[in-house]
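Structural description and commentary
Each chain, letter by letter, is given below.
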Amino acid sequence: MRVEIRSFREEDLEGILRIERLSFRDPWPRTFFSYISRKAPDLFLVAEEEGAVLGYVIGEVREVMLSGLPHRLKMGHIVNIAVAPERRRSGIGSMLMLEVERRFRERKATRSTLEVRESNSAARSFYKNLGYEETGRVRAYYLDEDAIIMTKNLA
Ligand SMILES: CC(C)(COP(=O)(O)OP(=O)(O)OC[C@H]1O[C@@H](n2cnc3c(N)ncnc32)[C@H](O)[C@@H]1OP(=O)(O)O)[C@@H](O)C(=O)NCCC(=O)NCCS
């Protein structure tokens, strides 16, 4: 297996939508992925093997605001990640996360953070395995469920 992690390309979109629909009960629409790919293409990463999309991660870097003023502190945020069901548990998700975290560090982000459904025990274990800690909860973050906030120090 020769899996490559690289930035998103337009031709990845169909493969991404297939994985998104297989992975989430409330999948993002095509327009959302197109929007993100224009807004922050270098933090939208794809795992590819011989032309086939196996997974993707979308990150963003936010500058922390205090009283409405930008602060020096920058945080990486994992917006979305999924791996094709038939290729899970082979390290692809971890490869995607490590590369997006590397790109967060390049942009001087000192922490990485994400929200995960409370019931998504697979993803919670996945993130813990990568060094994320559960640091909070947002009530009713999803229409039907709370989110657990997980955070990792990137220093
Ligand atoms: C979460 C997800 C991206 C993980 O991708 P993956 O490529 O399967 O993950 P990896 O193979 O890199 O897993 C690394 C480690 O994470 C943990 N892990 C991953 N999946 C797990 C599961 N289903 N149950 C328990 N632990 C799991 C294990 O420690 C695993 O190591 P191991 O396989 O040696 O035991 C994938 O399960 C997925 O696409 N889920 C559906 C979408 C989703 O829930 N996204 C997260 C939204 S917040």
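Look up a bit, the structure's there.
Below: a short report on this structure. Computed from a predicted structure; not experimentally measured.

Observations concerning the site of the ligand
- Neighbouring residues of the ligand: 18 residues in total, closest Arg88, Gly93, Ser94, Ala122 and Ser125.
- Of all the secondary structure elements, the ones that give two or more residues to the shell around the ligand are strand E4 (69-83), helix H3 (92-106) and helix H4 (121-129).
- Among the elements that take part in the shell around the ligand, H4 stands out by supplying five residues, more than any other.
- Looking at the shell around the ligand residue by residue, the class counts come to eight nonpolar, eight polar and two charged.

Looking at unusual backbone geometry
- The phi dihedral of glutamate 50 falls on the positive side, at around 45°, and the residue is not glycine.
- Looking at the secondary structure, you find glutamate 50 in the loop between strand E2 (44-49) and strand E3 (52-66).
- Unusually for a residue other than glycine, lysine 108 sits at a positive phi of about 70°.
- Looking at lysine 108, the number of C-beta atoms within 10 Å reads 13, which means it is partly exposed.

Here we look at the environment of serine 121
- Within the secondary structure, serine 121 sits in helix H4.
- Exposure remark for serine 121: the 10 C-beta atoms within 10 Å place this residue in the exposed category.
- Serine 121 sits 38 residues away from valine 83 along the chain, and the two C-alpha atoms are 16 Å apart.

Digging into H3
- Between its first and last C-alpha atoms H3 spans 21 Å; for 15 residues at 1.5 Å apiece the expected length is 21 Å, and the two agree.
- The complete set of buried residues in H3 reads Ile92, Gly93, Leu96, Met97, Val100, Glu101 and Phe104. Seen end-on, H3 carries its buried residues on one side only, within an arc spanning 165°. Looking at H3, the residues exposed on the side facing more than 90 degrees away from the buried face are Arg102 and Glu106.
- One or two steps after H3, the chain reaches lysine 108, where phi turns positive at roughly 70°.

Examining the nonpolar core
- Ranked by size, the top nonpolar core spans 31 residues in total, and within it Leu45, Tyr56, Val57, Leu96 and Val100 carry the most contacts.
- Where this core is concerned, the elements lending two or more residues are helix H1 (13-23), E2, E3, E4, H3, strand E5 (111-117) and strand E7 (145-153).
- Discounting residues that sit within four places of it in the chain, valine 57 has contacts with Leu45, Ile78, Ile81, Leu96, Met97 and Val100.

As for the pairing of E5
- Burial along E5 is one-sided: the residues Ser112, Leu114 and Val116 are buried and none of Arg111, Thr113, Glu115 and Arg117 is.
- Pairing of E5 with E7, which is carried by seven bridges, proceeds in the antiparallel orientation. Residue pairing across strands places arginine 111 opposite asparagine 153, the latter belonging to E7.

Description of the environment of leucine 130
- If you trace the backbone, leucine 130 turns up in the loop between H4 and strand E6 (133-142).
- Distance in space between the C-alpha atoms of leucine 130 and methionine 97 is 8.3 Å, their sequence separation being 33 residues.
- Setting aside anything within four residues of it in sequence, one finds leucine 130 in contact with Ser94, Met97 and Lys152.

Thresholds applied
Residues numbered from 1 in each chain as written. Predicted model: local features only at pLDDT ≥ 70, side-chain atom pairs only at ≥ 80, totals over all residues. Near = placed C-beta within 6 Å. Helix = DSSP H or I, 4+ residues; strand = E, 2+ residues; numbered from the N terminus. Nonpolar A, V, L, I, M, F, W, Y, C, P; charged D, E, K, R; others polar. Buried ≥ 20, exposed ≤ 12 C-beta atoms within 10 Å, placed from the backbone. Expected span 1.5 Å × (residues − 1). Arc of directions from axis to C-beta. Core = buried A, V, L, I, M, F, W, Y, C linked by C-beta atoms within 7 Å. Contact = placed C-beta atoms within 7 Å. Pairing = 2+ DSSP bridges.

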